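Inside the fold
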Amino acid sequence: ADCRYTCHQECRSLIQLDCRRPGQCQSQLSPESTLVPACSQNVTQTVEEEKPEPPTVQEIKQKIEKYNAKVTNCLLMKLNDDGTYTGFIKVHLKLRRPVTVPAGIRPQSIYDALKEVNLAEMTDKRTSFYLPLDAIKQLHISSTTTVSEVIQGLLKKFMVVDNPQKFALFKEMRKDGQVLFQKLPLTEYPLYLRLLAGPDTDVLSFVLKENETGEVEWDAFSIPELQNFLMILDKEEKDKIQQVHRKYERFKQRLQQTLKEARGKPG
């Protein structure tokens, strides 16, 4: 109330205010001022009160029926008896950095998948390679599947052994001719977002990218990985310099051509 401290709503329970004037926060609070989280006791309760009420089973059923009516590719959502539901989401892979995978491991077979065999744990040898840019992976998930579980599931399908903290799931939206990206919290439920947006991927789509929006978790990387990043950054820097040189070289050529044509005209 005094310092006007501002933070994200989901971070409020982690904030410990260090007031410059001890006792000032509590002395200004009245029994009715529940919206002033000056001290941490009421912070979690305030966040819970601001969350919207979860939809009822009947509301979910109506939304699923409306969703399935728009589906054109047979990827329907199904409501379970316990109120949960299952469906499909598509995730675009837009990774600019190489990923680490086990060296010399064959692709996972149906037998391995059914037996839940983790081929990545069968060897200590590692290698790095680039996943195909803009590759799309289709996942069958539940309404209780979180963003964190989606990321881990994608890494497991591609046998990626990198720390999941290196990646983040974004939702991509198109509005007024612009493409907007928003990083999803790890506790978000992607299938519920898909249900609300409908099956049209032009309205909403999911993208897996490097987790570069926050503080880098350097402890999650090994020394060889860090050295590899330096090599990659050096290569990207050289490529960018060449792109800039080519761009201005083309501009220079067009400008010279325009000047040459202008000299041949009267006046």
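In every chain, residue numbers begin from 1 and rise along the written sequence. For this predicted model, a pLDDT threshold of at least 70 governs which residues receive local features, and a threshold of 80 or more governs which side-chain atom pairs are given and counted, while totals over whole chains, interfaces and linings are taken from all residues. Hydrogens and water molecules were not included; the side-chain quantities draw on all heavy atoms of the structure.

Between Lys or Arg on one side and Asp or Glu on the other, a salt bridge is scored when a side-chain nitrogen of the former is within 4 Å of a carboxyl oxygen of the latter. Considering all chains together, one arrives at 6 salt bridges under this definition. The residue Lys166 makes a salt bridge to Asp162 at a minimum N-O spacing of 3.2 Å. With a relative accessible area of 7%, Asp162 lands in the buried category. Between Asp239 and Lys235 there is a salt bridge; the shortest N-O distance is 3.1 Å. Highlighted residues: Asp239 and Lys235, both in helix α7 (residues 223-263), separated by 4 residues, approximately one helical turn. Relative accessibility under 20% of the residue-type maximum defines a buried residue, over 50% an exposed one, and the middle range a partly exposed one, all with a 1.4 Å probe and only protein chains included. Going along the chain from the N terminus, every DSSP run of H or I of four or more residues is numbered as a helix, and every run of E of two or more is numbered as a strand.

With that settled, consider the side chain of Ser205. As for its position among the elements, Ser205 is in strand β8 (residues 205-210). We call two residues in contact whenever any of their non-hydrogen atoms come within 4.5 Å of each other. With sequence-adjacent residues up to four places away left out, Ser205 is seen in contact with His92, Phe170, Lys171, Glu172 and Arg194.

Even without being glycine, Cys74 reaches a positive phi, approximately 70°. Structurally, Cys74 is set in the loop between α3 (57-70) and β1 (78-79). Cys74 gets classed as exposed once you look at its relative accessible area, which sits at 69%.

Our focus in this paragraph is the nonpolar core. One broad trend across soluble globular proteins is that nonpolar side chains are buried collectively. We call a set of buried Ala, Val, Leu, Ile, Met, Phe, Trp, Tyr and Cys residues a nonpolar core when their side-chain atoms join them within 4.5 Å. Membership of the largest hydrophobic core comes to 31 residues, with the highest contact counts inside it found for Ile89, Val91, Val150, Phe167, Leu169, Phe206 and Leu208. Ignoring sequence-local partners within four residues, the contact set of Val150 consists of Ile89, Val91, Leu139, Ile141, Thr145, Leu169 and Pro190.

Once that is clear, we can look at α7. In a regular helix each residue adds 1.5 Å, so 41 residues correspond to 60 Å; α7 covers 60 Å between its end C-alpha atoms and thus fits that length. Here the buried face of α7 lies against β3 (99-102). To estimate the expected span of a helix, subtract one from its residue number and multiply by 1.5 Å.

Along the chain, Glu210 turns up in strand β8. We note that Glu210 is buried and unpaired, the nearest opposite charge coming from Arg96 at a distance of 4.8 Å. In terms of polar contacts, Glu210 uses its side chain to reach the backbone amide nitrogen of Arg96, at 2.8 Å. In protein, a polar contact requires one atom able to donate a hydrogen and another able to accept it; more generally it is a pair of N or O atoms within 3.5 Å, and residues adjacent in sequence count only if both atoms are side-chain atoms. Separated by 2.8 Å, the side chain of Glu210 and the backbone nitrogen of Arg97 make a polar contact. None of His or the chain ends enter the tally, which takes Lys and Arg as positive and Asp and Glu as negative.

Pairing between strands is defined by DSSP: at least two bridges between them are needed. Where strand β6 (residues 167-175) and β8 come together, 6 bridges link them in antiparallel fashion. The residue of β8 that forms the bridge with Phe167 is Glu210. The pairing of β6 with strand β7 (residues 178-183) spans 6 bridges and is antiparallel. Among the inter-strand pairings, Glu172 is bridged to a residue of β7, identified as Phe181. Joining the antiparallel neighbours β6 and β7 is a turn of 2 residues, in which Asp176 adopts a positive phi near 55°.

This part is about the packing of aromatic side chains. When two rings of Phe, Tyr or Trp (its six-membered ring) have centres within 6.5 Å they constitute a pair, described as stacked for plane angles under 30 degrees, edge-to-face for angles over 60, and tilted for the intermediate range. The final tally for this structure, using the stated rule, is 0 aromatic pairs. Look at NZ for Lys and CZ for Arg. If either is within 6 Å of the ring centre and within 35 degrees of the ring normal, a charge sits over the ring. Here the basic side chain of Lys209 rests over the ring of Phe170, its NZ or CZ set 5.1 Å away from the ring centre.

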